[in-house]
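Coordinate analysis (summary)
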Amino acid sequence: MGYVSAVPPPPPPAGPAAEAPDSRSSRRSVAVALLLGTLGSTVVLLASGRVWARGTAAIGGDSLALTADGRAVTGLPAALAIVGLAALVAVFAVRGKSRLLVSGLLALSGLGAALSALLAADGRRALDAEAARTTADTAAHVAGLTQTAWPSVTAAGAALILAAGLLALWFGRSWPAMGGRYERDGSPRTRKRAVVDPDRPEDLWKALDRGEDPTN
């Protein structure tokens, strides 16, 4: 017959080795969302400043080369990227239903930026306006219209913002909030009481200023 011990097994060690898998998954989702949101916003803002469309306008017997960048074609992607970046920061400043709403705004800003970049990629309207301004002819139209790859790059960056918003909607409830009043587990931090020397009048006055009773 084997020996059976009545002593309970020792508890698992505390610290990083005993960290819950949910906590590690939450931190990973935070890092991925921050990376996707920041990278996506940067890509959209940079790509919106590049040439999206090219064409030519007729002036007499000559032709004039014209270009239109993303902000001339449509300002929505860049504006929504800024909104998404602000929403990404605000996600960590709120909790509960407010976090859910901000996460939805983050996702919608990415979706809107992607759709506006793809739908306005043609650039003909912007180039026609540039042709009319350059030739001083309101009836002027652009010819030889070509598009670059930058609208697609803008849409890809917007898709990263959308992915960050979806991560926030799915995992956001377990993410920490900004502020120094709480530990990682959400419990209030306890403030250590300063040691008061009764023989030092300055210590007594400092304790009174802090709202403490130096006689206890």
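Whatever comes next refers back to the structure up there.
Right, let's walk through the structure included here. Computed from a prediction, not measured in an experiment: that's the story for all the values here.

Criteria and thresholds
Residues numbered from 1 in each chain as written. Predicted model: local features only at pLDDT ≥ 70, side-chain atom pairs only at ≥ 80, totals over all residues. Heavy atoms only, no water. Pairing = 2+ DSSP bridges. Helix = DSSP H or I, 4+ residues; strand = E, 2+ residues; numbered from the N terminus. Axes fitted to C-alpha atoms, helices over the stretch in contact; angles between N-to-C directions. Expected span 1.5 Å × (residues − 1). Buried < 20%, exposed > 50% of the residue type's maximum accessible area, 1.4 Å probe, protein only. Core = buried A, V, L, I, M, F, W, Y, C linked by side-chain atoms within 4.5 Å. Parallel < 35°, antiparallel > 145°, perpendicular 65-115°, else oblique. Left-handed = near helix turned anticlockwise from the far one by under 90°. Contact = heavy atoms within 4.5 Å. Nonpolar A, V, L, I, M, F, W, Y, C, P; charged D, E, K, R; others polar.

For the rest of this paragraph, the subject is the sheet that holds strand β3 (residues 143-147). An order of β2-β1-β3 is seen for the three strands of this open sheet, with the pairing classed as antiparallel. Pairing within the sheet leaves two strands with one partner each, and these edge strands are β2 (62-69) and β3. Adjacent strand axes in the sheet meet at a mean angle of 15 degrees, parallel and antiparallel pairs treated alike. Pairing between strand β1 (residues 51-59) and β3: three bridges, direction antiparallel. When the bridges of β3 are listed, A53 appears paired with Q147.

What follows covers the pairing of β1. Inspection of the sheet shows β1 paired to β2 by eight bridges, in the antiparallel sense. Opposite V51, over in β2, you have D69 as the bridge partner.

What follows deals with helix α6 (residues 150-171). Helical geometry: 3.6 residues make up each α-helical turn, so side chains three or four residues apart lie on a common side. Relative to the 32 Å expected for 22 residues at 1.5 Å per residue, α6 spans 32 Å between its end C-alpha atoms, a close match to the ideal helical length. Looking at α6, one finds that the buried residues are P151, T154, A155, G157, A158, I161, A164, G165, L167 and A168.

Membership of the largest hydrophobic core comes to 18 residues, with the highest contact counts inside it found for V44, V91, F92, L106, A158, I161 and W175. Mapped onto this core, the elements with two or more residues apiece are α1 (21-48), α3 (76-90), α4 (96-119) and α6. With five residues, α6 is the largest single contributor of residues to this core. The next biggest cluster of nonpolar side chains, apart from the first, holds 14 residues, and it includes V73, A131, A140 and L145.

Attention now moves to the packing of α3 against α4. Viewed as axis vectors pointing N to C, α3 and α4 meet at an angle of 160 degrees, and their least axial separation amounts to 8 Å. Relative to α4, α3 is oriented roughly antiparallel. As α3 packs across α4, the resulting crossing turns out to be left-handed. Note on element contacts: α4 touches α3 through V102, L105, L106, S109, G112, A113, S116 and A117, opposite L76, P77, L80, V83, G84, A87, L88 and A90. Residue composition of the contact of α3 with α4, grouped by class: 12 nonpolar, four polar and no charged.

The next thing to look at is the packing of α4 against α6. Where α4 meets α6, the closest approach of the two axes is 7 Å, and the angle between their N-to-C directions is 165 degrees. As far as their axial angle goes, α6 and α4 are roughly antiparallel. Seen along the crossing, α4 lies across α6 with a hand that is left-handed. Counted together, L100, S103, G104, L106, A107, S109, G110, L111, A113, A114, A117 and L118 of α4 and P151, T154, A155, A158, I161, L162, A164, G165, L166, A168 and L169 of α6 form the full contact between these two elements.

Distances and angles like these do not, on their own, reveal function.
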